[in-house]
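Overview (structure and organization)
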Amino acid sequence: MVDAPTAGSEENVADAFLQGGPSLRNASGPYFGSYGGRWMPESLIAALDEVQDTFEKAKADPDFIAQLKDLNKNYSGRPSLLTEAKRFSEHAGGARIFLKREDLNHTGSHKINNVLGQALLAKRMGKTRVIAETGAGQHGVASATAAALLGLDCVVYMGAEDCRRQALNVARMQLLGATVVPVTNGSQTLKDAINDALRDWVSNVEHTHYLLGTAAGAHPFPAMVRYFHEVIGEEARSQILEQTGKLPDAIAACIGGGSNAIGLFHAFLDDASVKIYGFEAGGEGVETGRHAAAISLGRPGVLHGARSYLMQDEDGQTIESHSISAGLDYPSVGPEHSYLADIGRVTYEAVTDTEAMDAFSVLCRTEGIIPAIESSHALAGAIKIGHRLTEGKENPSDVTVIVNLSGRGDKDVETAAAWFNMLDEEGHVKGTTLSTRKPKGPTERTNEAAVDVNEDQN
Amino acid sequence: MTEEFASKSAAAIDRAKAEGRAALVGYLPAGYPTVQESIEAGIALARNGADLIEIGIPYSDPVMDGPVIQAATTEAISNGFRVANVFDVVAGITAATDSAVLVMTYWNPVMRMGVDEFARRLAEAGGAGLITPDLVPDEAHEWFEASDRYGLDRVFLVAPSSTPERLDMTVKASRGFVYAVSIMGVTGTRTSVSSTAEDVVARAHAAGAERVCVGLGVSNPDHVREIAAYADGVIVGTALVAALRDGGVDAVGQLTKNLSAGLGRAAAEA
Ligand SMILES: Cc1ncc(COP(=O)(O)O)c(C=O)c1O
């Protein structure tokens, strides 16, 4: 069903395309091949035009660029490091693996790059309120953070199922002054959170900006979100040249909606020698039907404003996606990825929950880094391509691979503890409930404070 | 508006006009609570004063709908509704009444079936055309072709936020009537109808639309009366769905009768 090439064939297709082909960089939308566009209610078209217009002007405004650079550097902590994972390499056929450390950004993931850019645009448009959807909670936390920083009201829509999976991030958002709205429609995950955010936007568009968290949705979001994340690939490209003296053989990222991936990929799109891999969530296995591998197994359709690969049934109803990772649990993908898949420039493969959790564990134990479960899909992919690319090579360490470590795993500790069987029947970490002392007072006081904060909000 | 053939929706609105009143457009989802009951409810709409009937296709991601319609369409899907059933519903209602029957649908189910195939089957079932809440004319090339080929109406939406250029473009692209969204928001009942509606209708008329119907938030005879004073048709959705939910087909008939009292129809009618 899928036109995307399989792992074996991409060399020729990609090379053929790149030899003398036009640049793939800076695609402006609204269309990426036959993908993208604006499949949106008329009520929102004016708002999309306003965002697009503001974005185009801001891009050309040195003040805006300087402001964004300053925030990236002095608030987020950019540039993020490029760390060689030497002990992890042994698990990837001996290929040299370099981690682009988006986990070290303020708030713990790449999401902050896009959020700062869009929050600045919201201010420029004179909006006083931002709304966001969130899956893993990372985009919600980043949005709440930027809103606090810039003095904007913030409402975050989050699937009730995701609230449960990422309870820590719900608390973080609330501490930052945002209102979190649990979404109980449909699958109660990311796609339903986007539906509710769109309903809110339609009703409050006059003073509200919808801070979409991934490189999907209606034009200009895919191109705009990519623009704010391009810094990932630009930094990584010069860092790898500096550290190894050459371009990498391959780069890899996980794909939810595709923002961290397109941010890394963009700088390398025209480097014909660099193989590019996107890893989708294979859930319990693509053969089980319980997965989120939209490109690998979907077919083109429209959802949330863009034409793109989509998990849908024969009636065009969206199929619920499944992944251990809340941030990848989305049944579609950004339109530029669909295009890059079709032309064969990027290879998309599925990684199962089990493969991702194995890679999660390997990184923890070989490098002392706890990755987000989303990013663990990219790590699992790197293990696969590391083996593939070093096969038969006398000197496997000639092969270099950059992996986008899109976020840190603090938010996932509970999920991981359950996965690795570290919890007792009550859900406590085994061996932590042996103390016989009475709990002290402060616990309660903290709780009351948190409740007060909440009531202020509502 | 292009009008190369007899538009069923336009004819229905014009019949109401000839009676000196605005048209009543009633919305109900196909397959809610079952396919058969949705046919009966549609017939009750028609027999009690709806000039046009809008049959919604239940869809997994209805971003323009509020909680009442969401709940109904979700229930329809879990009761086994399949997209092709919409043609049975349309055929069932058109066989029993003279009302123009349009289908309201989000675009992906149409795309999935194939725009041409969908249009062919809708025309075969006696449908008048499509109302497309998430398809703007900018993306509608395929639908232009198919609707011309099968003689179907293309009802696009205009909103308070539509710029003059877009309003102009959308009015030209539409056939049958133009759907003016009364407020910035999603479907649902509201206590009052926003005054922006009148402005949108005036702008659409000025842009050349012969028939403009107003929807979103219209739920009682007073709303109907207010809108009927300036628009060519009044669209009621959520209130009818709630009536069907709470009181079944009879309640739909009763509410339709009440609503049509607001149309300014000659009193003898009922
Ligand atoms: C750490 C991390 N990585 C990746 C993703 C997936 O999003 P995207 O594909 O837009 O990068 C998320 C989304 O929540 C995330 O939190």
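Residues numbered from 1 in each chain as written. Chains lettered and ligands numbered in written order. Predicted model: local features only at pLDDT ≥ 70, side-chain atom pairs only at ≥ 80, totals over all residues. Heavy atoms only, no water.

1. What about the overall build of chain B?
How we decide: A run of H or I in DSSP counts as a helix once it spans at least four residues, and a run of E counts as a strand once it spans at least two, with each numbered from the N terminus. For this measure, only C-alpha atoms enter the radius of gyration; the expected value for a globule follows 2.2 Å times N^0.38, where N is the number of residues. Accessibility here uses a 1.4 Å probe with only protein chains present; expressed as a share of the type maximum, an area under 20% marks a residue as buried, one over 50% as exposed, and anything in between as partly exposed. Contacts between residues were defined by any pair of non-hydrogen atoms, one from each residue, lying within 4.5 Å.
A count of helices and strands for chain B gives 11 helices and 9 strands. Since a compact globule built from 270 residues should have a radius of gyration of about 18 Å, the 17 Å found for chain B is in line with a globular shape. Its C-alpha atoms give chain B principal-axis dimensions of roughly 45 × 45 × 30 Å. Relative to its full complement of 270 residues, chain B shows a buried share of 62%. Restricting the contact set of chain B to residue pairs at least 6 apart, pairs at least 24 apart contribute 73%.

2. What to know about the interface of chain A and chain B
Note the following rule: Buried area, as used here, totals the accessible surface that two parts lose on assembly, with accessibility defined by a 1.4 Å probe and the loss added over both. Salt bridges are defined as contacts in which a side-chain nitrogen from Lys or Arg sits within 4 Å of a carboxyl oxygen from Asp or Glu. In protein, a polar contact requires one atom able to donate a hydrogen and another able to accept it; more generally it is a pair of N or O atoms within 3.5 Å, and residues adjacent in sequence count only if both atoms are side-chain atoms. Any residue outside Ala, Val, Leu, Ile, Met, Phe, Trp, Tyr, Cys, Pro, Asp, Glu, Lys and Arg is labelled polar, Gly included; the first ten of those are nonpolar and the last four are charged.
Listed as interface residues are 32 residues of chain A and, on the opposing side, 35 residues of chain B. Both faces combined, the contact of chain A with chain B buries some 2900 Å², and carbon together with sulfur accounts for 48% of it. Counting across the interface, chain A meets chain B through 4 salt bridges. One salt bridge in this structure joins Asp315 of chain A and Arg82 of chain B, with 2.8 Å as the shortest N-O distance. Our count for the chain A to chain B interface comes out at 21 residue pairs in polar contact (both at pLDDT 80 or more). Of all the secondary structure elements, the ones that give two or more residues to the side of chain A that touches chain B are helix H2 (42-59), helix H9 (190-204), strand S11 (299-303) and strand S12 (306-310) of chain A. It is H9 of chain A that contributes the most residues to the side of chain A that touches chain B, 7 residues altogether. Per-class residue counts for the side of chain A that touches chain B are 12 nonpolar, 10 polar and 10 charged.

3. Overview of the pattern of salt bridges
Residue and element names in this part refer to chain A. Under the definition given, this model contains 44 salt bridges over all chains. With its nearest N and O atoms 2.7 Å apart, the salt bridge here joins Lys100 to Glu235. Highlighted residues: Lys100 in strand S4 (residues 96-101) and Glu235 in helix H10 (residues 221-244), separated in sequence by 135 residues. The residues Lys100 and Glu235 share a single accessibility class, namely buried. Within this structure, Arg78, Lys100, Glu102 and Glu235 form a network of salt bridges that share partners.

4. Considering the sheet that holds strand S7 (residues 179-183) of chain A
Residues and elements named next belong to chain A. Threshold: Think of it this way: DSSP has to see at least two bridges between two strands before they count as a pair. Angles here are taken between N-to-C directions and fall from 0 to 180 degrees, while the axes themselves are lines fitted to C-alpha atoms, restricted in helices to the stretch in contact.
With parallel pairing, the 4 strands of this open sheet are ordered in space as S7-S6-S5-S8. A single partner strand is all that each edge strand has here, and the edge strands are S7 and strand S8 (208-210). Put simply, the sheet's adjacent strands are angled 25° from each other on average, direction ignored. The pairing of strand S5 (residues 129-134) with strand S6 (residues 153-159) spans 6 bridges and is classified as parallel. Considered in S6, the bridge of Arg129 is made with Asp153.

5. A closer look at the packing of aromatic side chains
Residue and element names in this part refer to chain A. Using the following cut-off: Any two rings among Phe, Tyr and Trp, with Trp reduced to its six-membered ring, count as a pair given centres within 6.5 Å; such a pair is stacked if its planes are under 30 degrees apart, edge-to-face if over 60, and tilted if neither. Counted as over-ring charges are cases with an Arg CZ or a Lys NZ within 6 Å of the ring centre that also lie within 35 degrees of the ring normal.
The full count for this structure, using the stated rule, is 14 aromatic pairs over all chains. An aromatic cluster is defined as three or more aromatic residues linked by ring pairs; in this entry it consists of Phe55, Phe64, Tyr227 and Phe228. Sitting over the face of the ring of Tyr227, Lys59 holds its NZ or CZ atom 5.5 Å from the ring centroid.

6. A word on the pairing of S6 of chain A
For a regular strand, side-chain orientation follows a simple rule: the groups alternate between the two sheet faces. All names here are of chain A. Applicable threshold: Every crossover in which the path from the first strand over the helix to the second runs clockwise, viewed with the strands pointing away from the viewer, is termed right-handed.
With 6 of 7 residues buried, S6 lies mostly within the body of the structure. Taken together, S5, helix H6 (residues 138-150) and S6 constitute a β-α-β crossover, and its handedness is right-handed. Inspection of the sheet shows S6 paired to S7 by 5 bridges, in the parallel sense. When the bridges of S7 are listed, Gly159 appears paired with Val183.

7. What about the side chain of Gln317 of chain A?
Tracing the sequence through the fold places Gln317 of chain A in the loop between S12 and helix H13 (335-342). At 3.0 Å, the side chain of Gln317 of chain A forms a polar contact with the backbone oxygen of Pro58 of chain B. Setting aside anything within four residues of it in sequence, one finds Gln317 of chain A in contact with Met311 and Gln312 of chain A together with Pro58, Tyr59, Ser60, Ile77 and Val83 of chain B.

8. A look at the site of the ligand
Residue and element names in this part refer to chain A. Note the threshold: Only a single heavy atom is needed: when it lies within 4 Å of a molecule or strand, its residue is near that molecule or strand. Here the Shrake-Rupley method, with its probe set to 1.4 Å, supplies the accessible areas, and only the displayed protein chains count as covering residues.
Lining the immediate surroundings of the ligand are 18 residues, of which Thr214, Gly256, Gly258, Ser259 and Ser406 lie closest. Contact between the ligand and Thr214: an oxygen atom at 2.6 Å from a side-chain N or O atom of the residue. Gly258 is positioned such that a nitrogen or oxygen atom in its backbone is 2.7 Å from an oxygen atom of the ligand. For the ligand, whose free accessible area comes to 390 Å², the fraction covered by protein is 98%. Residue classes in the shell around the ligand are distributed as 5 nonpolar, 11 polar and 2 charged.

9. Digging into the confidence of the model for chain B
Applicable threshold: In predicted models, pLDDT denotes the confidence assigned by the predictor to each residue on a 0 to 100 scale.
Of the residues in chain B, 96% reach a pLDDT of 70 or more, and the chain-wide mean stands at 94. Ignoring residues within four places in sequence, the model shows residues 266-270 of chain B, a span with pLDDT below 50, making 0 contacts including any to other chains.

10. Concerning unusual backbone geometry
The peptide bond linking Gly29 of chain A to Pro30 of chain A adopts the cis configuration, its omega dihedral lying at 0°. Omega for the bond connecting His219 of chain A with Pro220 of chain A falls within 30 degrees of zero, at 15°, which places this linkage in the cis form. Looking at the secondary structure, you find Pro220 of chain A in the loop between S8 and H10. Phi is positive for Asn421 of chain A, which is not a glycine, with a value near 65°. Position of Asn421 of chain A among the secondary structure elements: in the loop between helix H16 (413-419) and helix H17 (442-457). With relative accessibility at 56%, the residue Asn421 of chain A sits in the exposed group. With phi around 90°, Leu216 of chain B is a residue other than glycine that occupies positive phi space. With respect to the helices, strands and loops of the structure, Leu216 of chain B is situated in the loop between strand S8 (212-215) and helix H10 (221-228). Relative accessible area serves as the criterion here: at 9%, Leu216 of chain B is assigned to the buried category.

11. Here's the deal with the sheet that holds strand S9 (residues 250-254) of chain A
Residue and element names in this part refer to chain A. If you walk across this open sheet you meet the 6 strands as S3-S4-S14-S9-S10-S13, and the pairing is mixed. Strand pairing shows two members of the sheet lacking a second neighbour, strand S3 (82-84) and strand S13 (346-352), which therefore form its edges. Strand after strand, the sheet turns through a mean of 25° between neighbouring axes, direction not considered. The sheet contact formed by S4 and strand S14 (residues 400-405) spans 6 bridges and is parallel. The residue bridging Lys100 from the neighbouring strand is Asn404, located in S14. Against the sheet, helix H14 (residues 353-367) contacts S3, S4, strand S10 (275-283), S13 and S14, and its axis sits at roughly 90° relative to S13. Its contacts with the sheet place helix H15 (residues 373-390) against S4, S9, S10, S13 and S14, and it is angled at close to 125° to S10.

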